[in-house]
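Spelled out from the first residue to the last, the chains are:
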Amino acid sequence: LEIQETVHNPTTQPWGGQFFVALNQTAPAEEKLGFGQLRTYQGLAYYTPNTPYKKLPFDALNEKTVSKSLMGGWIASQKHYFITAWIPPKHRSHTVMASKVANTFNRYSISLTGLTHHLQPKQSVHLLNQLYVGPELPNVLGTLSKGLELTVDYGWLWFISDALYWLLSHIQSIVGNWGIAIILLTLFIKLVFYKLSDTSFKSMARMKTLQPKIEALKKQHGDNKETLGPAMMALYKKEKINPLGGCLPMLIQIPFFIALYWVLMESVELRHAPFFGWIQDLSTKDPYYILPVVMGVSMLIQQRLGPQNPDPIQARMMLALPLIFTFMFLSFPAGLVLYWLVNNLLSIAQQWYCTRKYSTP
């Protein structure tokens, strides 16, 4: 909304007044999150040239009042997926003030106060401001005011999230389904890292062929870890195998997993976006927990395809990982679980192929 106000002094005396506007927000009730879930930001925020996106969490305003001067900029009240932002003229100086509303339990306010306008008798002044109330759409917010698109907060991996969101939205514009777009995006990521994953799976396949020799060393050295450890390292060196090489695919996925997590959590486009069948909202959990369970089974298959840990205690711990991840993903957005499931299935296919290809010396 563009809001134009005209202030006229009809008296015979000089008059002075300041432009003032405030956004009030009620702190939301404590939200119960699932295990491993992260909370999206809900609170107040403002812009300064030195800090393009400054958050003001409610807790920080309980004990103090924040006051800053800025030229242009904006103030905002954020909720999950939606934002209210007041955008004054770029060339005008304002004072931003944020605090807890006095004598209230959970009400907070952020305001803009302009410089004093001195009007002589019969003189007028015209003020033009913008107010945005609606969904957090980066492409829209970025056109309204500098830094306002940053309120779609992707965290410290924002540079990956921005790229993933751009690619995901372009794929969706072609296929017309956000779930299919997530699947195609997952395939694209796997293709980008195919060669590196191939190297890791090659190491895992060769590790699997070494299992008989490792078992022989264990029988030879028994429980003497002081001699068993160096003997196994000598074997790895002789065979030119890195025992940690198989961990690389998982480590590579983690930053993209976190970045895509925030994309799926912050993108209002996925709100109520259906996939197929029982998945009618990719931004919320699978109502029947089918995707998380299948994802857990796929993790178990991945483990069975790789070399087994010779240490029985560590082997049992690794066996528990699919169960832990399944439990954690029960409350995750269906779109995120879909990404992880498709990624696992593609990894299983690649791992099976590499195992057959590299199992023979």
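Reading the values: the criteria
What you see as residue numbers is a count from 1 along each chain, following the sequence as written. Given that the model is predicted, a residue must reach a pLDDT of at least 70 before its local features are reported, and side-chain atom pairs must reach 80 or more before they are shown or counted; all residues, however, enter totals for whole chains, interfaces and linings. Water and hydrogen atoms play no part in the side-chain values, which are based on all heavy atoms of the structure. When DSSP finds two or more bridges between a pair of strands, those strands are recorded as paired. For the purposes of this entry, the term helix denotes a DSSP run of H or I that reaches at least four residues, the term strand denotes a run of E that reaches at least two, and both are numbered from the N terminus. Every axis corresponds to a line fitted to the C-alpha atoms, with the helix fit spanning only the stretch in contact, and the corresponding angles, defined between N-to-C directions, vary from 0 to 180 degrees. Under the pairing criterion, centres of Phe, Tyr and Trp rings, with the six-membered ring standing for Trp, must be within 6.5 Å; the plane angle then separates stacked pairs below 30 degrees from edge-to-face pairs above 60, leaving the rest tilted. Two limits define a charge over a ring: the Lys NZ or Arg CZ must be within 6 Å of the ring centre, and within 35 degrees of the ring normal. Known as pLDDT, the predictor's per-residue confidence is scaled from 0 to 100. To form a nonpolar core, buried Ala, Val, Leu, Ile, Met, Phe, Trp, Tyr and Cys residues must be joined to one another through side-chain atoms within 4.5 Å. Remark: exposure states derive from per-residue accessible area (1.4 Å probe, protein chains only) relative to the maximum for the residue type, with buried under 20%, exposed over 50%, and partly exposed in between. The contact definition used throughout considers only heavy atoms, calling two residues in contact when any of these lie within 4.5 Å. Residues adjacent in sequence count toward polar contacts only when both atoms are side-chain atoms; beyond that, a polar contact is any pair of N or O atoms within 3.5 Å, and within protein one must be able to donate a hydrogen and the other to accept it. The salt bridge criterion pairs a side-chain nitrogen of Lys or Arg with a carboxyl oxygen of Asp or Glu, the two atoms within 4 Å. Patches were defined on residues exceeding 30% relative accessible area and lacking a salt bridge, with like-charge contacts within 9 Å and nonpolar side-chain contacts (Val, Leu, Ile, Met, Phe, Trp, Tyr) within 5 Å. Using the Shrake-Rupley algorithm and a 1.4 Å probe, accessible areas are obtained, with residue cover drawn only from the displayed protein chains.

**Looking at the sheet that holds strand β1 (residues 2-8)**
Thought 1: Read from one edge of the open sheet, six strands run β1-β10-β7-β6-β3-β4, paired in antiparallel fashion. Pairing within the sheet leaves two strands with one partner each, and these edge strands are β1 and β4 (54-56). Pairwise comparison of adjacent strand axes, ignoring direction, gives a mean angle of 20° for this sheet.
Thought 2: Relative to strand β6 (residues 75-79), strand β3 (residues 43-46) runs antiparallel, the two being bridged by four bridges. Opposite Gly43, over in β6, you have Gln78 as the bridge partner.

**Overview of the packing of aromatic side chains**
Thought 1: Scanning the model with the defined rule gives 14 aromatic pairs in all.
Thought 2: Centroid distance Trp158 to Phe159: 5.8 Å. Interplanar angle 90°. Geometry classified as edge-to-face.
Thought 3: Above the plane of the ring of Tyr41 lies Lys55, whose end atom (NZ or CZ) is 5.1 Å from the centre.

**Examining the confidence of the model for the protein**
Thought 1: Looking at the protein as a whole, its pLDDT mean stands at 85, while 84% of the residues score no less than 70.
Thought 2: When mean pLDDT is taken per element in the protein, strand β7 (residues 82-87) scores highest with 96 and helix α5 (residues 194-209) scores lowest with 70.

**As for the sheet that holds strand β2 (residues 15-26)**
Thought 1: With respect to topology, four strands assemble into an open sheet ordered β2-β9-β8-β5, the strand pairing being antiparallel. One side of each edge strand has no neighbouring strand; the edge strands of this open sheet are β2 and β5 (66-71). With direction set aside, neighbouring strand axes in the sheet form an average angle of 20°.
Thought 2: As paired elements, strand β8 (residues 93-100) and strand β9 (residues 107-119) share seven bridges and run antiparallel to each other. The partner of Met97 across the bridge, within β9, is Ser111.

**A look at the nonpolar core**
Thought 1: Residues Leu164 and Phe329 are the most contacted members of the largest nonpolar core, which totals 55 residues.
Thought 2: At the level of secondary structure, the elements contributing two or more residues to this core comprise β7, α3 (158-175), α4 (178-192), α8 (248-266), α9 (290-305), α10 (312-329) and α11 (334-358).
Thought 3: Considering every element that reaches this core, the biggest residue donor is α8, with nine residues.
Thought 4: Here Leu164 is in contact with Leu185, Ile189, Phe256, Ala259, Leu260 and Val263, once residues within four sequence places are set aside.
Thought 5: Leu23, Phe58, Leu112 and Leu127 belong to the second largest nonpolar core, which has 22 residues in total.

**As for the side chain of Asn177**
Thought 1: Among the structural elements, Asn177 can be located in the loop between α3 and α4.
Thought 2: Among the residues examined, Asn177 registers a relative accessible area of 12% and is labelled buried.
Thought 3: At a separation of 3.3 Å, a polar atom in the side chain of Asn177 contacts the main-chain carbonyl oxygen of Phe275.
Thought 4: Contacts of Asn177, omitting those with residues within four sequence positions, involve Gln172, Pro274, Phe275 and Phe276.

**Focus: the environment of Ala27**
Thought 1: Within the secondary structure, Ala27 is located in the loop between β2 and β3.
Thought 2: Residue Ala27 is classed as buried on the basis of its relative accessible area, which comes to 15%.
Thought 3: Between the C-alpha atom of Ala27 and that of Pro57, which follows or precedes it by 30 residues, the distance is 9.5 Å.
Thought 4: Once residues lying within four places of it in the same chain are set aside, the contact partners of Ala27 are Phe58, Asn106 and Tyr108.

**Remarks on the pattern of salt bridges**
Thought 1: Per the stated rule, a full pass over the model turns up one salt bridge.
Thought 2: Asp153 is the salt-bridge partner of Lys55, the closest N and O atoms lying 2.3 Å from each other. Of this pair, Lys55 sits in strand β4 while Asp153 sits in the loop between α2 (138-144) and α3, placing them 98 residues apart in sequence.
Thought 3: With a relative accessible area of 17%, Asp153 lands in the buried category.

**Observations concerning the pairing of strand β10 (residues 124-135)**
Thought 1: Where β1 lies against β10, seven bridges are found, and the strand directions are antiparallel. Bridging across to β10, Glu5 finds its partner in Leu127.
Thought 2: Judged from the six bridges that link them, β7 and β10 form a sheet pairing that is antiparallel. Its bridge partner being in β10, Trp86 is matched across the sheet by Leu131.

**Regarding a nonpolar patch on the surface**
Thought 1: A cluster of nonpolar side chains, contributed by Ile174, Val175, Leu184, Leu187 and Leu191, occupies part of the molecular surface with about 460 Å² of accessible area.
Thought 2: Residue assignment for the nonpolar patch shows that the elements contributing at least two residues are α3 and α4.
Thought 3: In terms of residue count, the dominant contributor to the nonpolar patch is α4 (three residues).
Thought 4: Its location among the elements puts Leu184 in helix α4.
Thought 5: Leu184 gets classed as partly exposed once you look at its relative accessible area, which sits at 35%.

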